[in-house]
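# Fold and geometry: a report
Below, each chain spelled out in residue letters.
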Amino acid sequence: MQTLKYPQRSEWDEILKRPVFDSSVLEVTVKNILHEVKANGDEAVRKFTLQFDKADVDELRVGDNEIEQAGRSLPAELKQAIATAKNNIEKFHAVQLKELELVETMPGVQCWRRSTAIEKVGLYIPGGSAPLFSTILMLAIPARLAGCKDIILCSPPDTAGQLNPAILFTAGIAGITKIFRVGGVQAIGAMSYGTMSIPQVYKIFGPGNQYVTCAKQLVQKEGVAIDLPAGPSEVAVYADETGNPSFVAADLLSQAEHGIDSQVLLITHHSLLIDAVVKEIDRQIAELPRKNIAIKALANSKCILVKNEMEAIDLLNEYAPEHLILSCSNADDLAQKIINAGSVFLGHYSPESVGDYASGTNHTLPTNGYARSYSGVSVDSFVKKITFQKLTKEGLQNIGRTVELMAEAEGLQAHANAVKVRRQKLEDRS
């Protein structure tokens, strides 16, 4: 990790840049795959699954017997851990459901808003070396709580055409209605356009590699909604003199192992802590199975020494991290000053990984600075908000002249007339 000491504010934009990937060539490839899936459906899906995943798949949908077998193959202890996480995530997200609130803005004018579930949603779950079965809980549980009618899941198969048992078991207990052994761009295309086997959905959720991310961004231009702008994983840790170097190093490495384009930051105003954390990183990384990935991610990462606590908070808000850990003695107080972050972890005993798995909060979060304007996934991500209004005769009389004046001032006479003809009718009757 590069160490920067007391950077000037004029330098912040440059030092806080995320790793940049040139997607121009990638976009051409992704567009071609999407076009072929749109034109040829299942045939194209099978072709690209064979080409990219080396799996010759005949039946795209996973059968109930495979899900049951997956459950039997997993250790009981792991299944219990998944069940515990499921329970915590349900508890946290269930309270996000809102009761209908009716507001009378003036006598006879009633307005309210109702949440209506998005009928058909698609979840993309990466497989490979890190099968993210925890993401199924993060997405399927709020979707089910919201009332989504169809929740389908796509995940890339192994070379034998099988999905990871933990993915199948978790999908089964989380309420997924249909599971497909399809990954990559072809999965995004299939869910966007629909095929003979895979239903079309209205919104797509879930992380993926640069190809999947690019595909989601492209189908969004065609009217398919996506969860949020996604990029490589990231964490920022602020630590004061009470920070434990081994804890901080472990937190930084927990994100660095995600991928070579991940980024981690340590921000502190205690120079001795930086030295201690760097030593701990060197010690811990040697024991990681994914150390080669973590080493490359650390090349994108920085330790930043600042003058004081308030400068650290300003720098963190400027960075707007996906995950933020406040490893300090006054974390509760500092948390009130955080305005840009996806999810915040307070104190020395709140590692980011608990949020990734089981504390209850959602781990699908905005990256690449989008925490300035986006929230993480919640029950709200799976609903539409429809507004309603109902006016009595008295209400129309009370508000009518206001609307007429405003519409006429904008030069929209027909808008004004829609009120006038009703008011005139009421006056004629009286």
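Anything mentioned here points back to the structure above.
Residues numbered from 1 in each chain as written. Predicted model: local features only at pLDDT ≥ 70, side-chain atom pairs only at ≥ 80, totals over all residues. Heavy atoms only, no water.

Before going further, it helps to examine the overall build of the chain. On a plain count of helices and strands, the chain comes out with 17 helices and 14 strands. Here the chain holds 430 residues, and the buried ones make up 46% of them. For the chain, the computed accessible surface area is about 21200 Å², with 51% contributed by carbon and sulfur atoms. Averaging the coordinates of the 44 positive side-chain charges in the chain and doing the same for the 51 negative ones gives two points 6 Å apart. (Helix = DSSP H or I, 4+ residues; strand = E, 2+ residues; numbered from the N terminus. Buried < 20%, exposed > 50% of the residue type's maximum accessible area, 1.4 Å probe, protein only. Areas by Shrake-Rupley, 256 points an atom, 1.4 Å probe, with all protein chains shown as cover. Lys, Arg positive; Asp, Glu negative; His and termini not counted. Charge placed at Lys NZ, Arg CZ, Asp CG, Glu CD.)

Core analysis: the biggest nonpolar cluster contains 37 residues, and Val121, Ile136, Leu153, Ile176, Ile179 and Phe382 have the highest contact counts within it. Dropping the residues within four chain positions of it, leucine 153 is found in contact with Leu123, Ile125, Ile136, Ile167, Ala171, Ile176, Lys178, Ile179 and Phe180. By size, the runner-up hydrophobic cluster in this structure holds 31 residues, among which are Val57, Leu60, Ile198 and Val224. (Core = buried A, V, L, I, M, F, W, Y, C linked by side-chain atoms within 4.5 Å. Contact = heavy atoms within 4.5 Å.)

A few words now on the environment of threonine 49. Positionally, threonine 49 belongs in helix H3 (residues 42–53). Threonine 49 sits 135 residues away from glycine 184 along the chain, and the two C-alpha atoms are 8.2 Å apart. Threonine 49 has contacts with Lys54, Ala55, Val57, Pro157, Val182 and Gln186, leaving out every residue within four places of it along the chain.

Here the focus is helix H10 (residues 245–256). In this model H10 runs 16 Å from its N-terminal to its C-terminal C-alpha over twelve residues, within 8% of the 16 Å that 1.5 Å per residue would give. Among all positions of H10, only Val248, Ala249, Asp251, Leu252, Leu253, Gln255 and Ala256 are buried. Where H10 is buried, its residues touch strand S9 (234–239), strand S10 (263–268), helix H11 (271–285), helix H12 (291–298), strand S12 (323–327) and helix H15 (352–357). (Expected span 1.5 Å × (residues − 1).)

By themselves, these figures tell us nothing about what the structure is for.
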